[in-house]
Amino acid sequence: QVQLVESGGGSVQAGGFLRVSCAASGTFFSIPTMGWYRQAPGKQRELVATISSTGHTNYADSVKGRSTISRDNAKNTVYLQMNSLKPEDTAVYYCYCNVILRLGSGIKGYWGQGTQVTVSS
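Keep in mind that this is a model prediction, so the values were computed, not measured.

A. Focus on the overall build of the protein. Secondary structure assignment for the protein yields zero helices and 11 strands. Mapped from its N terminus to its C terminus, the protein presents α and β elements in the order β-β-β-β-β-β-β-β-β-β-β. For the protein, whose C-alpha radius of gyration is 14 Å, the value lies close to the compact-globule estimate of 14 Å for 121 residues. Considering only C-alpha atoms, the protein reaches an extent of 50 × 25 × 25 Å along its principal axes.

B. Structural view of the sheet that holds strand β3 (residues 18-26). Pairing is antiparallel in the open sheet, where four strands are placed in the order β1-β3-β8-β7. Both edges of this open sheet fall to β1 (2-7) and β7 (67-72), since each of them pairs with a single strand only. Geometrically, the sheet is characterised by an average inter-axis angle of 15 degrees between neighbouring strands, direction not taken into account. Relative to strand β8 (residues 77-82), β7 runs antiparallel, the two sharing six bridges. Counted as the bridge partner of D72 is T77 from β8.

C. Spatial organisation of the pattern of salt bridges. For the structure shown, the criterion picks out four salt bridges. The salt bridge involving R38 is made with E46; its shortest N-O contact spans 2.7 Å. For the salt bridge of R38 with D89, the shortest nitrogen-to-oxygen distance reads 2.9 Å. Linking R38 in strand β4 (residues 30-39) with D89 in the loop between β8 and β9 (91-100), this pair joins segments that are 51 residues apart in sequence. Residue R38 is classed as buried on the basis of its relative accessible area of 6%.

D. Expanded view of the pairing of strand β5 (residues 46-52). Most of β5 is tucked away, with five of its seven residues classed as buried. In this sheet, β5 lies alongside β4 in antiparallel orientation, the contact comprising six bridges. Its bridge partner being in β5, R38 is matched across the sheet by E46. Bridge count between β5 and strand β6 (residues 57-59): three bridges; the pairing is antiparallel. Among the inter-strand pairings, A49 is bridged to a residue of β6, identified as Y59. Remark: four residues form the turn of the hairpin made by β5 and β6, two consecutive strands paired antiparallel; G55 in that turn has positive phi of roughly 100 degrees.

E. Here's a closer look at the pairing of strand β11 (residues 115-120). Across the two faces of β11 the burial differs, with T115, V117 and V119 buried and Q116, T118 and S120 not buried at all. Two elements, strand β2 (residues 10-13) and β11, share four bridges in a ladder whose sense is parallel. The residue of β11 that forms the bridge with S11 is T118. Inspection of the sheet shows β9 paired to β11 by three bridges, in the antiparallel sense. Each residue of the ladder has a partner; that of A91, found in β11, is V117.

Conventions adopted
- Residues numbered from 1 in each chain as written.
- Predicted model: local features only at pLDDT ≥ 70, side-chain atom pairs only at ≥ 80, totals over all residues.
- Heavy atoms only, no water.
- Helix = DSSP H or I, 4+ residues; strand = E, 2+ residues; numbered from the N terminus.
- Rg over C-alpha atoms; globule rule 2.2 N^0.38 Å.
- Pairing = 2+ DSSP bridges.
- Axes fitted to C-alpha atoms, helices over the stretch in contact; angles between N-to-C directions.
- Salt bridge = Lys/Arg side-chain N within 4 Å of Asp/Glu carboxyl O.
- Buried < 20%, exposed > 50% of the residue type's maximum accessible area, 1.4 Å probe, protein only.

Here you go:
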């Protein structure tokens, strides 16, 4: 019903920058919240940032001040601009969306397939 396709990961040196994108497609009524999580090897998946349909944002302390999340509601796309990258930012980054499939239905969560971000020192 809903597909999330991520793009923009890659390898960068410490201090560099990357932008990852996630486009939602399918049949749905609205996407109240879009966001990014990440999972490093041997660690639990953790929140990076979220953004509501009205633009309210929330960031993990570890990326606050270095990353900016934004969304294009017309394109159902969320972006994460990451600056001043550190080796500890290395992880698989997953897009997550809370979706209302039909007016009056509940909220359902969807995950993207993940995109690798590698930061070398």
